[in-house]
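Spelled out, the chains give:
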Amino acid sequence: MSKKVFEEIEVSEIPYPIKRDDFFGNQEVLKQIESSLLSSSLSQTMIISGPPSVGKTSLAYIISSALQCEKGNPFACGECLNCRKIKKGIFPDLRYISLLEDDSGKIKTQITIDQVREEIIRASELPPYEGKKLIFIVEPSDSLNVSSQNALLKLLEEPPSYIQIILIAKETSKLLPTVRSRCPEIKLKEISQNEMFEVAKRIGLKGDLSTAVSASRGRAGVLISDKWKDYIKLKIAIENLLQSGREIKYFDENVANIEILMSYDQILVLDETLFLIKDAIRSRNLTESEERSLLRKYERTIKSMEMIVRNVNASLIYNYIFLGE
Ligand SMILES: [Zn+2]
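Caption draft 1: Main features of the overall build of the chain. If you tally the helices and strands in the chain, you get 14 helices and five strands. Against the 2.2 N^0.38 benchmark of 20 Å for 325 residues, the chain shows a C-alpha radius of gyration of 21 Å, consistent with a compact globule. By principal-axis analysis of the C-alpha atoms, the chain measures approximately 65 × 45 × 35 Å. For the chain, with 325 residues in total, the buried portion stands at 49%. Long-range contacts, defined here as pairs at least 24 residues apart, represent 73% of the contacts in the chain between residues at least 6 apart. Total accessible area on the chain is roughly 16,100 Å²; 49% of this is exposed by carbon and sulfur atoms.

Okay, here's the thing in structure tokens:
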């Protein structure tokens, strides 16, 4: 698994989330999954959707571990051999399919049909080596292009009994209706402030909890990974950019602070930018021309989100949004 594309955590250091308690927020979703596991009625194909950092990948690993655990009751015990291997990311029957790097080391923008054929379709022909199931987690499944999705249809329609497929998506609209109709969707949402305080306490966060919680905007993954500190920097940077107009001196300085988060998740950063611009538009004392200028920035942010390709640098994007009057 590539380190750069794993959304919630740095995989080399922190063990994979596998137990029920490793999941934060969205507890009603977890309860539904629990009852499906108990009645052995969990769908063999599914989509886990939701905004960045709300726990989609964690949930996929928790479901997978529950299915592979030797004791599974119904969630994973965390202690058996299968659980220990999954925790370390070395369990052969749990395959994480994601974006590959091209020859120059850049992450590709699509999961291609060749990759799907090789890593999923062909791999699915043989039963699991060690586990109870052969599980494929595909993330980001919204990067499966049309032919890749078409190639998956047959497997999604009639998966052998030993197969489990979990598609992770921020945007299910990019998935074909034929794919969506074969995979029940589990939707994760941002969680409430109160729940976020609970998360902060559970992970033993010290100090100014309300600053951390408010910067994380309901996304447990942002709080857990300490990314909220970068979000505070981002917020300050965007506010500076909104105030400093076209003064290039401030521009570079502030974009440098955005760059850190850009490498983590571009869409998340642009989403935050959009939120802050919207917030500025809502403030009462704007002149007409100020409002027009903000609206243009708002539209350009949306356009940037639509056009986004990985590895575009922050300077280019923010030049377009803020300086392209
Ligand atoms: Zn176990």
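Caption draft 2: Representation of the pairing of strand β1 (residues 45-49) in the model. Burial of β1 is extensive: five of the five residues sit out of reach of the surface. Burial of β1 is two-sided: the residues T45, I47 and S49 facing one way and the residues M46 and I48 facing the other way are all buried. The sheet contact formed by β1 and strand β4 (residues 163-169) spans five bridges and is parallel. Across the sheet, S49 pairs through a bridge with A169, a residue of β4. Two strands pair when backbone bridges link them, and β1 and strand β5 (residues 185-187) are joined in this way by three bridges, in the parallel orientation. Each residue of the ladder has a partner; that of I47, found in β5, is E185.

Caption draft 3: Geometry of helix α8 (residues 209-216). Listing the buried residues of α8 in full gives L209, A212, V213, A215 and S216. Buried residues in α8, looked at end-on, bunch into an arc of 165°, giving them a common side.

Caption draft 4: Highlighting helix α5 (residues 146-157). Between its first and last C-alpha, α5 extends 17 Å over 12 residues, near the 16 Å set by a 1.5 Å rise per residue. What α5 keeps buried is the set S148, Q149, L152, L153, L155 and L156. If you follow the buried residues of α5, they end up packed against β1, α4 (113-122), β4 and α6 (177-182).

Rules used throughout
Residues numbered from 1 in each chain as written. Predicted model: local features only at pLDDT ≥ 70, side-chain atom pairs only at ≥ 80, totals over all residues. Heavy atoms only, no water. Helix = DSSP H or I, 4+ residues; strand = E, 2+ residues; numbered from the N terminus. Rg over C-alpha atoms; globule rule 2.2 N^0.38 Å. Buried < 20%, exposed > 50% of the residue type's maximum accessible area, 1.4 Å probe, protein only. Contact = heavy atoms within 4.5 Å. Areas by Shrake-Rupley, 256 points an atom, 1.4 Å probe, with all protein chains shown as cover. Pairing = 2+ DSSP bridges. Arc of directions from axis to C-beta. Expected span 1.5 Å × (residues − 1).

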